[in-house]
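Residues per chain, in single letters:
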Amino acid sequence: MSELDTKPEGVLLIDKPQGITSHDVVDRVRRTFGMKQVGHAGTLDPMATGLVIILVGKATKISQFLMSLDKVYTGEVTLGISTDSYDADGEVTAENELPELSQEGLLEAMNTFKGDQYQTPPMFSAKKIKGVPLYKMARKGKTVEREPRFIRISEFELTSFTMPKFTFRLACSKGTYVRSVAHDIGEKLACGAHLSALRRTEIERFKIKEAVTLDALAEMDNISRRRALIPIYQAVPTHVIS
């Protein structure tokens, strides 16, 4: 039996472009492989770029083991401007005068976000309450109470700072909303802020340098596409799924 006689299965690392949803990525991979059994192991906001784990064939059964992995992001925060979604895709809700802020002062504020904590999901998020995604309520101008959830930010490094923007590297646990961190740091500095760029570079042992773009995947022949798939046993230890 040749390699092409069996259905494709495995973990595919995709470098998501800006402006599309994680579900759009799944649809593109379905069309490229010509099969419906494709899913993902965690979403990435449309504004963000970077690493998305796509599950092909029987690999869709290991989603729960990959959803909980820690993640690493790089990004940019713009101070002085707040938005309703906490990122650049939202409507501006406030513009404030910029504070006199040194790099040392910014670092001091950033350090307060490190460690174990509870974070309230933003209204513009896919989290569901009574089966309804929060963002659908938010678009109707509704605000509902959200239960804070436990997260951990293990690293929050400043990589550059030129008013009104700074760039960062952040390592965190699953379920962390980086745009909420951007919003909250703006509140702490009393000037407002929003996330103006975000890129996911790592999901634990999976790295962005190992990912392929959707366009590159589409241009591959069938054998090359199959060889881009990480075998299930390599993605998840055998004892975990046995």
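Report follows, based on the coordinates. (Residues numbered from 1 in each chain as written. Predicted model: local features only at pLDDT ≥ 70, side-chain atom pairs only at ≥ 80, totals over all residues. Heavy atoms only, no water.)

### Points about the overall build of the protein
Along the backbone of the protein there are nine helices and 13 strands. In summary, the protein has a C-alpha radius of gyration of 19 Å against a globular reference of 18 Å for 242 residues, a match within 12%. Counting only C-alpha atoms, the protein reaches 70 × 40 × 35 Å along its principal axes. Split into buried and exposed, the 242 residues of the protein put 45% on the buried side. (Helix = DSSP H or I, 4+ residues; strand = E, 2+ residues; numbered from the N terminus. Rg over C-alpha atoms; globule rule 2.2 N^0.38 Å. Buried < 20%, exposed > 50% of the residue type's maximum accessible area, 1.4 Å probe, protein only.)

### Digging into the pairing of strand 11 (residues 165-172)
Summarising the sheet, strand 4 (residues 71-79) and strand 11 pair through eight bridges and their orientation is antiparallel. Bridging from a neighbouring strand, Val-77 pairs with Phe-166 of strand 11. Bridge count for strand 10 (residues 149-162) against strand 11 is eight bridges, and the pairing is antiparallel. Its bridge partner being in strand 11, Phe-156 is matched across the sheet by Leu-170. (Pairing = 2+ DSSP bridges.)

### Looking at unusual backbone geometry
What is expected of a backbone is that most residues other than glycine have negative phi and most peptide bonds are trans. Each neighbour pair has its own omega, and for Met-163 with Pro-164 the value is 5°, a cis peptide bond. As for its placement among the helices and strands, Pro-164 is situated in the loop between strand 10 and strand 11. Of note, Ala-190 is a non-glycine position whose phi angle comes to about 60°, a positive value. Inspection of the secondary structure assignment puts Ala-190 in the loop between helix 5 (178-188) and strand 12 (193-203). Accessibility expressed as a relative area gives 68% for Ala-190, which makes it exposed. Although it is not a glycine, Glu-204 adopts a positive phi angle of roughly 50°. Note that Glu-204 resides in the loop between strand 12 and strand 13 (206-207). Its relative accessible area of 38% is what places Glu-204 among the partly exposed residues.

### With respect to the environment of Thr-213
For Thr-213, the location among the structural elements is in the loop between strand 13 and helix 6 (214-219). Considering only alpha carbons, one finds Thr-213 and Val-92, 121 residues apart in sequence, at a separation of 32 Å.

### Thoughts on the nonpolar core
Core analysis: the largest hydrophobic core is formed by 45 residues, its most contacted members being Val-29, Ile-54, Phe-166 and Phe-168. Of the residues forming this core, the biggest block, five residues, is contributed by strand 10. (Core = buried A, V, L, I, M, F, W, Y, C linked by side-chain atoms within 4.5 Å.)

### Observations regarding the side chain of Arg-200
Relative to the assigned elements, Arg-200 resides in strand 12. Asp-45 provides the closest opposite charge to the buried, unpaired Arg-200, separated from it by 8.5 Å. One polar contact links Arg-200 to Tyr-73, side chain to side chain, over a distance of 3.3 Å. (Lys, Arg positive; Asp, Glu negative; His and termini not counted. Salt bridge = Lys/Arg side-chain N within 4 Å of Asp/Glu carboxyl O. Polar contact = N/O pair within 3.5 Å; in protein donor to acceptor, adjacent residues only side chain to side chain.)

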